[in-house]
Amino acid sequence: MSGMKSAYELAMERLGGKANPLTNAQKAAIAEIDSKMKAKVAETEIMFDQQLASETDPAKAGFIQQTKQNTIAKIRQDAEDQKESVRCDE
C-alpha cells in the first residue's frame, strides 16, 4: 500500500481513469493554491460580514449575502481550475 490517496486519485479510479502521481512540485503548487484560496475566502467573508453588520434593509442584506456566496464560489472555482491546470502539467 502506497499510503492514503487524494480525493482526485479516488475520483479518477471511480471514473475508470488513471491518475498520474503528482510530483512534489505539483503537490507544493496545489498546497499554495489552497492556501491562497483560503486566505481570499476569509478576506471576502470579513469584508461582506462587515457590510452585513451595518445593513438594516433586509433586501439589501439579502443581496449582500447572495453576492458574498457568489464571490466565494468563484474564488473556489478559480482555485479548482488552477489546481487542475497544475495536475495536467507534466
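Residues numbered from 1 in each chain as written. Predicted model: local features only at pLDDT ≥ 70, side-chain atom pairs only at ≥ 80, totals over all residues. Heavy atoms only, no water.

Looking at helix α3 (residues 58-88)
Across its 31 residues, α3 extends 45 Å between first and last C-alpha, which sits within 8% of the 45 Å expected from 1.5 Å per residue. Along α3, the positions that sit buried rather than exposed are Ala61, Ile64, Lys68, Ile72, Ile75, Ala79, Lys83, Val86 and Arg87. A side-chain oxygen of the first residue of α3 lies 3.2 Å from the backbone nitrogen of alanine 59; this N-cap is aspartate 57. (Helix = DSSP H or I, 4+ residues; strand = E, 2+ residues; numbered from the N terminus. Expected span 1.5 Å × (residues − 1). Buried < 20%, exposed > 50% of the residue type's maximum accessible area, 1.4 Å probe, protein only. Polar contact = N/O pair within 3.5 Å; in protein donor to acceptor, adjacent residues only side chain to side chain.)

What to know about the environment of arginine 76
Within the secondary structure, arginine 76 sits in helix α3. When the C-alpha atoms of arginine 76 and lysine 38 are compared, they prove to be 8.6 Å apart, with 38 residues separating the residues in sequence. In this structure, arginine 76 is in contact with Met37 and Val41, ignoring residues within four places of it in sequence. (Contact = heavy atoms within 4.5 Å.)

Concerning the packing of helix α2 (residues 24-54) against α3
Between α2 and α3, the shortest axis-to-axis distance is 10 Å and the interhelical angle comes to 175°. Comparing the axis directions of α2 and α3 gives the class roughly antiparallel. Classifying every residue of the contact of α2 with α3 gives 13 nonpolar, 7 polar and 8 charged. (Axes fitted to C-alpha atoms, helices over the stretch in contact; angles between N-to-C directions. Parallel < 35°, antiparallel > 145°, perpendicular 65-115°, else oblique. Nonpolar A, V, L, I, M, F, W, Y, C, P; charged D, E, K, R; others polar.)

Structural notes on the nonpolar core
Counting 9 residues, the largest nonpolar core is built from Leu22, Ile30, Ile33, Met37, Val41, Ile72, Ile75, Ala79 and Val86. Listed by contribution, the elements that provide at least two residues to this core are α2 and α3. If sequence neighbours within four positions are ignored, isoleucine 33 has contacts with Ala79, Gln82, Lys83 and Val86. (Core = buried A, V, L, I, M, F, W, Y, C linked by side-chain atoms within 4.5 Å.)

Function cannot be read off these values alone, since they describe shape.
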